[in-house]
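Below, each chain spelled out in residue letters.
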Amino acid sequence: METVNIFETKEKNKKQGIKESFPVTGMTCASCASSVESVLKHTKGVFDASVNFANSSVLVEYDEALSHNQLQNALREVGYDIIIDAEDPTEVQRELQQKNYQDIKRRTIWSAILTLPIFVVGMFYMQWEPGKWTSLVLTIPILFWFGRSFFINAYKQAKHGKANMDSLVALSTGIAFLFSLFNTFFPEFWLSRGIEPHVYYEAATVIITFISLGKLMEEKAKSNTSSAIKKLMGLQPKTLKIIENGEEIEIPISSVQVGQTILVRPGEKIPVDGKVSKGRSYVDESMITGEPVPVEKTKDEKVFAGTVNQKGSFQFVAEKVGSETLLSQIIKMVQQAQGSKAPVQKLVDKIAGIFVPIVLVISIITFIVWMLVGGDNAFSHALLTSVAVLVIACPCALGLATPTAIMVGIGKGAENNILIKDAESLELGYKVNVVILDKTGTITEGKPLVTDILWKEKLENENEYQKILLAVESQSEHPLAEAVVNHLKEQNVEPAEITSFESITGKGVKAKTENGLKYYVGNHRLMVDNNVQIDSSLMQAAESLEDQAKTVIFFGSEKQVLAILAITDKIKETSNKAIATLQERGIEVYMLTGDNNKTASAVAKQVGISNYKGEVMPSDKAAFVEQLQAEGKIVAMVGDGINDSHALAQANVSIAMGKGSDIAMDVAKITLITSDLQSIPKALELSKRTVLGIRQNLFWAFIYNIIGIPIAAGVLYPINGFLLDPMIAGAAMAFSSVSVVANSLRLKRVKL
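Each chain has its residues counted from 1, following the order in which its sequence is written. This being a predicted model, a pLDDT of at least 70 is required before a residue's local features are given, and a value of 80 or more before pairs of side-chain atoms are given or counted; all residues contribute to the totals for chains, interfaces and linings. Note: side-chain values were computed over all heavy atoms of the structure, leaving out hydrogens and water.

- Looking at an unreviewed UniProt entry, one finds the chain named Heavy metal translocating P-type ATPase and attributed to Arenibacter antarcticus.
- Word for word, the UniProt comment on the chain under Sequence similarities (unreviewed entry) is "Belongs to the cation transport ATPase (P-type) (TC 3.A.3) family. Type IB subfamily." UniProt positions are given in the numbering used here, feature names are shortened, and annotations may be inferred rather than shown by experiment.

1. Re the overall build of the chain
Then step 1. For helices the rule is a DSSP run of H or I covering at least 4 residues; for strands it is a run of E covering at least 2, with both sets numbered from the N terminus onward. From N to C terminus, the chain includes 28 helices and 27 strands.
Then step 2. Summarising its shape, the C-alpha atoms of the chain cover approximately 125 × 65 × 45 Å along the three principal directions.
Then step 3. Every one of the 752 residues in the chain was classed for burial, and the buried ones make up 53%.
Then step 4. It only takes one pair of heavy atoms within 4.5 Å for two residues to be counted as in contact. The long-range share in the chain, meaning contacts at least 24 apart out of those at least 6 apart in sequence, stands at 69%.
Then step 5. Using the Shrake-Rupley algorithm and a 1.4 Å probe, accessible areas are obtained, with residue cover drawn only from the displayed protein chains. Just so you have it, the chain exposes about 33,700 Å², and 54% of that area is on carbon and sulfur atoms.
Then step 6. This count recognises Lys and Arg as positive and Asp and Glu as negative, with His and chain-terminal groups excluded. Throughout, a charge is located at the NZ atom of Lys, the CZ atom of Arg, the CG atom of Asp or the CD atom of Glu. Averaging the positions of the 75 positive and the 81 negative side-chain charges in the chain gives two centres separated by 5 Å. Each residue gets one of three labels from its accessible area relative to the maximum for its type: buried under 20%, exposed over 50%, partly exposed in between, using a 1.4 Å probe on protein chains only.

2. Section: the nonpolar core
Then step 1. Judged by nonpolar contacts, the single largest core of 130 residues is most densely connected at M27, V58, L71, V435, L437, I443 and I609.
Then step 2. Beyond its immediate sequence surroundings of up to four residues, L71 is in contact with F22, L40, V46, V60, Y62, L66 and I82.
Then step 3. With 26 residues, the next largest nonpolar core counts V472, L488, F555 and L562 among its residues. What we call a nonpolar core is a set of buried Ala, Val, Leu, Ile, Met, Phe, Trp, Tyr and Cys residues that are connected through their side-chain atoms within 4.5 Å.

3. What about the UniProt feature "transmembrane region" (unreviewed entry) in the chain?
Then step 1. Mapped onto this numbering, the UniProt entry gives "transmembrane region" (unreviewed entry) at residues 108-127, 133-155, 167-186, 198-217, 351-373, 379-402, 698-720 and 726-745.
Then step 2. What you have in residues 698-720 is 87% helix and 0% strand, and the ends, taken at the C-alpha atoms, are 30 Å apart.

4. Points about the environment of D569
Then step 1. Locating D569 in the fold gives a position in the loop between β22 (561-568) and α21 (575-584).
Then step 2. A relative accessible area of 12% places D569 in the buried class.
Then step 3. Polar contact is the term for a pair of N or O atoms within 3.5 Å; when the atoms are in protein, one must be able to donate a hydrogen and the other to accept it, and sequence-neighboring residues count only if both atoms are side-chain atoms. In this structure the side chain of D569 is engaged in a polar contact, spanning 2.5 Å, whose partner is the side chain of T444.

5. Focus on the side chain of Q72
Then step 1. Here Q72 shows up in helix α2 (residues 68-76).
Then step 2. Side chain to side chain, Q72 and D81 meet in a polar contact 3.2 Å long.

6. Description of the sheet that holds strand β19 (residues 508-513)
Then step 1. The 6 strands are arranged β17-β22-β21-β20-β19-β18 in an open sheet whose pairing can be described as antiparallel. Two strands lie at the open edges of the sheet, namely β17 (449-455) and β18 (498-504), each paired on one side alone. Direction aside, the axes of adjacent strands within the sheet are offset by 15° on average.
Then step 2. Pairing of strand β20 (residues 518-522) with strand β21 (residues 551-557) involves 4 bridges; the strand directions are antiparallel. Across the sheet, the residue bridging to Y520 is G556, located in β21.
Then step 3. Fitted lines through C-alpha atoms give the axes, limited to the stretch in contact for helices. The angle between two N-to-C directions lies from 0 to 180 degrees. Set on the sheet, helix α20 (residues 536-547) makes contact with β17, β21 and β22; between it and β22 the angle comes to about 5°. Here a strand pair is declared whenever DSSP counts at least two bridges between the two strands.

7. Examining helix α5 (residues 148-159)
The periodicity of an α-helix, 3.6 residues per turn, causes residues three or four positions apart to be oriented the same way.
Then step 1. Take the residue count of a helix, subtract one, and multiply by 1.5 Å to get its expected span. The end-to-end C-alpha distance of α5, which contains 12 residues, comes to 17 Å, matching closely the 16 Å that a straight helix rising 1.5 Å per residue would cover.
Then step 2. Following α5 by one or two positions, G161 adopts a phi angle in the positive range, close to 70°.

8. Things to note about the confidence of the model for the chain
Then step 1. On a range of 0 to 100, pLDDT expresses the predictor's confidence in each residue. Scored by pLDDT, the chain comes out at a mean of 83, with 91% of its residues at no less than 70.
Then step 2. Taken as a whole, residues 1-15 scores under 50 in pLDDT and shows 41 contacts with residues more than four places along the chain or in a different chain.

9. As for the packing of helix α6 (residues 165-185) against helix α13 (residues 378-392)
Then step 1. Across the interface, α6 lies against α13 with an axial gap of 8 Å and an inter-helix angle of 155°. Here α6 is positioned roughly antiparallel relative to α13, judged by the angle of their axes. When you trace α6 past α13, the crossing you get is left-handed. Across the interface between the two elements, L168, L171, S172, I175 and F179 from α6 touch F379, L383, V387, L390 and V391 from α13.
Then step 2. Polar here means any residue outside two lists: the nonpolar Ala, Val, Leu, Ile, Met, Phe, Trp, Tyr, Cys and Pro, and the charged Asp, Glu, Lys and Arg; Gly therefore counts as polar. Across the contact of α6 with α13, the residue classes tally to 9 nonpolar, 1 polar and no charged. Under this scheme an angle from 65 to 115 degrees is roughly perpendicular, one under 35 degrees roughly parallel, and one over 145 degrees roughly antiparallel; angles in between are oblique. Working rule for handedness: look at the near helix, and if it is turned counterclockwise from the far one by less than a right angle, call the crossing left-handed; if clockwise, right-handed.

10. Quick word on the side chain of S172
Then step 1. On the secondary structure map, S172 appears in helix α6.
Then step 2. Since its relative accessible area comes to 0%, S172 is described here as buried.
Then step 3. A distance of 3.0 Å separates the side chain of S172 from the backbone oxygen of V169, its partner in a polar contact.
Then step 4. With near-sequence residues (within four places) excluded, S172 lies in contact with V387, L390 and V391.

11. Things to note about the sheet that holds strand β16 (residues 434-438)
Then step 1. Read across the open sheet, the 7 strands follow the order β15-β27-β26-β25-β16-β23-β24; overall the sheet is mixed. Two strands lie at the open edges of the sheet, namely β15 (418-420) and β24 (611-613), each paired on one side alone. Sheet twist, expressed as the mean angle between neighbouring strand axes with direction ignored, is 20°.
Then step 2. Taken together, the 4 bridges between β16 and strand β25 (residues 635-639) define a ladder with parallel strand orientation. By the bridge assignment, I436 is partnered in β25 with M637.
Then step 3. The strands touched by helix α23 (residues 618-630) within the sheet are β16, β23 (588-592), β24 and β25, with β16 carrying the most contacts at an inclination of about 170°.

12. With respect to the pairing of strand β10 (residues 281-284)
Then step 1. Both β10 and strand β11 (residues 295-297) contribute to a ladder of 3 bridges, which runs antiparallel. Looking at β11, one finds that Y282 is bridged to E296.
Then step 2. As defined by bridge partners, β10 adjoins strand β13 (residues 308-309) across 2 bridges and the pair is classed as antiparallel. Within β13, the position partnered with V283 by the bridge is N309.

13. Some remarks on unusual backbone geometry
Then step 1. A positive phi angle is found at N417, which is not glycine, with a value near 65°.
Then step 2. Summarising the element assignment, N417 is placed in the loop between α14 (395-415) and β15.
Then step 3. Of note in the backbone geometry, N461 takes a positive phi value of approximately 60° without being a glycine.
Then step 4. Along the chain, the position of N461 falls in the loop between β17 and α17 (462-475).

14. Observations concerning the pairing of strand β2 (residues 17-25)
Then step 1. Most of β2 is tucked away: 7 of the 9 residues are buried.
Then step 2. Relative to strand β5 (residues 81-82), β2 runs antiparallel, the two sharing 2 bridges. Paired with V24 across the strands is I82, a residue of β5.

15. Remarks on the packing of aromatic side chains
Then step 1. Note on aromatic contacts: the rings of Phe and Tyr and the six-membered ring of Trp form a pair at centre separations within 6.5 Å, being stacked when their planes are under 30 degrees apart, edge-to-face when over 60 apart, and tilted otherwise. Across all of its chains, the model carries 17 aromatic pairs by this definition.
Then step 2. The interplanar angle of 90° and the centroid separation of 5.9 Å between the aromatic rings of F367 and F379 together place this pair among those described as edge-to-face. On the criterion of sequence distance, the pair formed by F367 in helix α12 (residues 343-373) and F379 in helix α13 is long-range, its members being 12 residues apart.
Then step 3. F367 sits in the partly exposed class, given a relative accessible area of 27%.
Then step 4. By way of ring pairs, the aromatic residues W133, F182, F185 and F186 are connected into one cluster.

Printed below as a string of structure tokens:
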């Protein structure tokens, strides 16, 4: 299989400038993500910014005149940072995440150890006077050392008039601590008024411990969402052997340069992209292409990073290294896709952005209401309920609901050779009710072979015409032309000289030889349009060949058709099953092809498609997609050629086959890096499962907050006397985020 360069890590565009992804540090919740996005969007020279809280990254489109340092400085002012100019930013980010995980783990363990005696005293020895002082001593390190990040981050946010989850935690625990501190030192203030001076050290410390535990579990779960990326990264070896002055030298992969000769032995992974210069072997390319059969590699054959050499040793010249290799670009594309936002996420982001201020207001209202109607225990109840409201509210569950599901979904796709460029197409895929398939290279293998060449009777100079035909087809980029060229070269035909060449979209080509004569190679329509006469016997033969599902090409001079060529393209073994699967799911399947109607009919019949069109121009394909969309259909277009690019751009969901042209794959939002057509129903099923996960996550995140906040505020107290303990609120808050991430991770176990 010929694999082509289909991705770009940095996209330069006249309108959009540079598009680049950066790891972000310092984000602790969805409100942080909203702040980072807002700051970058308001930075001069930034066109757009999209933050993914789940994988701590930001995708920025910015003017090329803007430097990385300017982006970094804009974020540092509000307490965040991005990793720039690192040799491997993703590796740096992973190291920082691991360090952060270990730090949270250490803080959680120590918080739990110190909280236990405070909890025991608070629950069972409330009246024990020394217990208050013991609790105070143990609470100080928990809050202001192991939990200091909550207060530091809250202060940074407050300086810029913002608030996030850290603000809620810092306020709730800080208020509980200060109230308890006052009651510890000045109990007479309340005793003189006939009120028992309670302390709530256990509430403050248990909240810190539970939320730290939740963060720990969340970080662990979030790291699992990007396992697909880790697997892809694991395909590339860390070192390689180069041949220099006849000697083998082992060097780190970061030091390899284009043009160096690399040695690969049996069982070793190929480190970079290149071309075989010496030796031969079989290479397992399944991790890149999805094709299970090892591919033979001889001199001048291309090899790709991440694939595995199986039998023989060979040497190859490095052509693409570092971020330019196909594997690196696949990794970059998956990372960018995981960082992109589904349309539903934009609404959730708006809600998350105003969520914390709303919770603060609710907490204040709760306090005031309880002070007014709380009776003898008004202040105590007002304090507990307002603190519980602050603690139970969870913007993180909302913020994680969509991106974690998207990350797992896109990762799952990558593992199944389905590369998804953005979250929008993943979210929309499940709605598709019409799939349009191109024929050549999509339903068929795209490896056409010439089966027949029939020349006009009593034709002189047949050998000369063969040379002209070879010369003309050598200039064409059409896969059928390649079949003709290969066939004639096998006959040892040498090409003639041609002086001009023109491709006629959807019809064929025309060329002019040195003596000024014009020749045409293409379909029947090309001959008719140029008044080229077709001998009746050749026309009958052409019709007969078309009935056999063969494509017929006409070769003619200005006056008459000189020959017809029959070409067959074998239907892929998986096409029938894939099409049947789509139809079983209630999806209409159409086949559009530029080939003649008879061939189109024969192929459609073989694969079970009743809706088909032959002799379709590229613009007709796009118009047909538009027509279906006007009828309210959600259309997926699947193609692999330049002639499919217009229709791919028009479709709701565009899918390119991995063997296709760069243009088709650049336009398409989903690329299948396998020739197996069964990946199409898999991609649509993946969309369905991902959207279901998003909906479940959002439902529970919203329901959790909608039910949890009123209960924390004390709405059940008039009914059954129930008030939610802030400690329980802290545990529930921690559980909500973990449950959302865990639900997203279930998608990893789904079989497509």
